[in-house]
Amino acid sequence: MISVLDERFPVMYSVLFIALVFILGAVIGSFLNVVIIRVPRKEPISGTHNRSHCMSCGHTLGTLDLVPIFSYIFLGGKCRYCKAKISPRYWIVELITALSFTASVLTVGISLSLLFAFVLAAALVVASGIDIDRMEIPYGCSLVIVVLGVIATVISVFTNDMPWYDHLIGAAAVSVPFAILALFGAMGGGDVQLMAAAGLLLGWKNIIPAAAIGILLGAVGGSIELLSVPKGTKKLAKEKSLEIAEAWYASQKEKDIYVLPEKTEALYGSIFKGKSDIENECVDPKCWNGTPDIAALNEALDAELSEVSKFGISIVITNEKVTKVSCKRQVVFGPYLSIGIMTSFLIGDRLIDWYLSLM
Ligand SMILES: [Zn+2]
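Everything numeric in this text was worked out from a predicted model, so none of it was measured. (Residues numbered from 1 in each chain as written. Predicted model: local features only at pLDDT ≥ 70, side-chain atom pairs only at ≥ 80, totals over all residues. Heavy atoms only, no water.)

Q: Would you mind going over the overall build of the chain with me for this structure?
A: On a plain count of helices and strands, the chain comes out with twelve helices and four strands. Projected onto its principal axes, the C-alpha positions of the chain cover 80 × 55 × 40 Å. Evaluated residue by residue, the chain yields a buried proportion of 42% over its 359 residues. In the chain, of all internal contacts separated by at least 6 residues, the share reaching a separation of at least 24 is 68%. Of the roughly 20,000 Å² of accessible surface on the chain, a fraction of 67% belongs to carbon and sulfur atoms. Once the 29 positive and 31 negative side-chain charges of the chain are each reduced to a mean point, those two points are 6 Å apart. (Helix = DSSP H or I, 4+ residues; strand = E, 2+ residues; numbered from the N terminus. Buried < 20%, exposed > 50% of the residue type's maximum accessible area, 1.4 Å probe, protein only. Contact = heavy atoms within 4.5 Å. Areas by Shrake-Rupley, 256 points an atom, 1.4 Å probe, with all protein chains shown as cover. Lys, Arg positive; Asp, Glu negative; His and termini not counted. Charge placed at Lys NZ, Arg CZ, Asp CG, Glu CD.)

Q: Looking at this structure, I do not really get the domain arrangement of the chain. What am I missing?
A: By a widely used convention, the size of an interface equals the accessible area lost when the partners come together. Domain assignment breaks the chain into domain 1 (1–110) and domain 2 (233–329). Relative placement of domain 1 and domain 2: their C-alpha centres are 42 Å apart. (Domains from an automatic or database assignment.)

Q: Which parts of the structure should I look at to understand the packing of aromatic side chains?
A: Inspection of the entire model under this criterion finds six aromatic pairs. Taking the centre distance of 5.9 Å and the plane angle of 40° together, the rings of Tyr-72 and Trp-91 count as tilted. One end of the pair, Tyr-72, is in helix α2 (residues 70–74); the other, Trp-91, is in helix α3 (residues 89–108), and 19 residues separate them in sequence. Looking at Tyr-72, the relative accessible area reads 23%, which means it is partly exposed. With a centroid separation of 5.7 Å and 80° between ring planes, the pair formed by Trp-164 and Tyr-165 is classed as edge-to-face. Since its relative accessible area comes to 43%, Tyr-165 is described here as partly exposed. Grouping aromatic residues by their ring pairs yields a cluster made of Trp-248, Tyr-249 and Trp-288. (Phe/Tyr/Trp six-rings, centres within 6.5 Å; stacked < 30°, edge-to-face > 60°.)

Q: Mind showing me how you'd approach unusual backbone geometry here?
A: Note on backbone geometry: most residues besides glycine have negative phi, and most peptide bonds are trans. A positive phi is found at Ile-69, a non-glycine position, where the angle reads about 60°. Summarising the element assignment, Ile-69 is placed in the loop between α1 (11–38) and α2. Owing to a relative accessible area of 11%, Ile-69 belongs among the buried residues under this scheme. Of note, Glu-262 is a non-glycine position whose phi angle comes to about 70°, a positive value. Take Glu-262: it is sitting in the loop between α10 (233–254) and β1 (264–272). Residue class for Glu-262 comes out exposed when judged on its relative accessible area of 83%.

Q: I'm lost on helix α11 (residues 294–304) in this one. Help?
A: Working note: α-helix, 3.6 residues per turn, so residues spaced by three or four point in the same direction. Of all the residues in α11, the buried ones are Ile-294, Leu-297, Asn-298, Leu-301 and Asp-302. Viewed end-on, α11 has its buried residues packed into an arc of 135°, placing them on one side of the element. Opposite the packed face of α11, turned more than 90 degrees from it, sit the exposed residues Glu-299 and Ala-303. Of the residues flanking the start of α11, the one acting as N-cap is Asp-293, its side-chain oxygen 3.4 Å from the backbone nitrogen of Ala-295. (Arc of directions from axis to C-beta. Polar contact = N/O pair within 3.5 Å; in protein donor to acceptor, adjacent residues only side chain to side chain.)

Q: Sorry, what's going on with the environment of Tyr-355 here?
A: Turning to its location among the elements, Tyr-355 is positioned in helix α12 (residues 334–358). Residues Tyr-355 and Pro-209, 146 residues apart in the sequence, show an inter-C-alpha distance of 9.7 Å.

Q: Explain the packing of helix α8 (residues 189–202) against α12 here, please?
A: A packed helix pair is summarised by two numbers, namely the angle formed by the two axes and the spacing between the axes. Following both chains from N to C, one finds α8 and α12 inclined at 5°, their axes separated by 11 Å at the closest point. Relative to α12, the element α8 lies roughly parallel. Counted together, Asp-191, Leu-194, Met-195, Ala-198, Leu-201 and Leu-202 of α8 and Gly-334, Leu-337, Ser-338, Ile-341, Ser-344 and Phe-345 of α12 form the full contact between these two elements. Split into classes, the residues belonging to the contact of α8 with α12 amount to eight nonpolar, three polar and one charged. (Axes fitted to C-alpha atoms, helices over the stretch in contact; angles between N-to-C directions. Parallel < 35°, antiparallel > 145°, perpendicular 65-115°, else oblique. Nonpolar A, V, L, I, M, F, W, Y, C, P; charged D, E, K, R; others polar.)

Q: Help me understand the nonpolar core, please; the structure alone is not making it clear to me.
A: Most often, soluble globular proteins have nonpolar side chains that are buried together. Membership of the largest hydrophobic core comes to 48 residues, with the highest contact counts inside it found for Leu-120, Ile-145, Met-195, Leu-201, Ile-341 and Phe-345. Counting only elements with at least two residues in this core, the list comes to α1, α3, α4 (112–134), α5 (139–158), α8, α9 (204–228) and α12. Take this core: its biggest share by element is 13 residues, from α4. In contact with Leu-120, not counting residues within four places along its chain, are Ile-145, Leu-148, Leu-201, Ile-341, Met-342 and Phe-345. Residues Trp-248, Ile-271, Ile-317 and Cys-327 belong to the second largest nonpolar core, which totals 25 residues. (Core = buried A, V, L, I, M, F, W, Y, C linked by side-chain atoms within 4.5 Å.)

Q: Could you clarify how one ought to interpret the environment of Leu-242 in this entry?
A: Relative to the assigned elements, Leu-242 resides in helix α10. By relative accessible area, Leu-242 is classed as partly exposed at 30%.

Q: Looking at this structure, how should I read a nonpolar patch on the surface?
A: A cluster of nonpolar side chains, Val-150, Val-154, Val-157, Phe-158, Trp-164, Tyr-165, Leu-168, Ile-169, Trp-204 and Ile-208, forms an exposed patch at the surface whose accessible area comes to about 990 Å². Mapped by element, the contributors of at least two residues to the nonpolar patch are α5, α6 (164–173) and α9. (Patch = residues over 30% accessible without salt bridge, like charges linked within 9 Å, V, L, I, M, F, W, Y side chains within 5 Å. Salt bridge = Lys/Arg side-chain N within 4 Å of Asp/Glu carboxyl O.)

Q: Is there a simple way to think about a positive patch on the surface in this case?
A: Together, Lys-234, Lys-238, Lys-324 and Lys-328 make up a positively charged patch on the protein surface. Put simply, the parts of the chain that give the positive patch at least two residues each are α10 and β4 (322–329). Mapped onto the elements of the fold, Lys-328 is located in strand β4. By relative accessible area, which is 59% here, Lys-328 ends up exposed.

Structure, rendered in structure tokens:
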């Protein structure tokens, strides 16, 4: 590794190099914005049909509108053509990517690890962005990290930094306990995949501080999120959902579709930004005499619950009636875990030394 702060280099060179890395990060971040928006919609990332355009007036954006971070500042956060407000998310993603690239070059220097750090940072930014938007971490992001992990494991066979099996233990060290938590609904499957992938890359020693940082930040961030929800929102959501579920089950019964006597069905899913996603897969065919119309249930929930943000929902139905509806708040864990993973990738060894020195 070559440190960019090495005294052999004139200070000007170091500053210039760090500035270039920052700009590279901002440009990549601007591309990641497109990935975050288009991938969940299954739209192609590039192509002339998809030139970046204003979300409000549809005007195709020119070069001046697309300079990372700066365009937002110079245009005062407004579209140049229709003056509609532009979401701050664009420059936030650009800045976070730029800062992680800069932090990477300052900590791992010019080395192979720097390439790993850039790819890892990009994958984590996309995972976090999509998790915030959709409450799911796409499989593709974890897959990118798995590829990095496999390369790192192969390299470790030939070098002596870490025994190769440390990577394999790392893949299970945190993801297995997380998988158990996921069974109780405390984590999502995407979080488990992400920690397995990151564990393969970081090895078991470094995935532990990554998880510790993620859980700590998640607990703090989750409490702040919880406090910012107006009182009574959850109660209101629960009451409304129960009403909707009862009306829906009554309409199914009218069509002569019902839960068989002596059986209990539990439907579950999540409601996020006014979108309900109870899936057909959670219907147990053995509980019903026919196929219930889940799409209609989702539509009814969407129409009524537009103002409530995000929570997990479960609806318990017996032959006679809807017996229970519960709404549970869910914390979006991806961004917190991502901060933990990136921090531990860059300075995990130092964190462990520091922690042990406290003992
Ligand atoms: Zn516009």
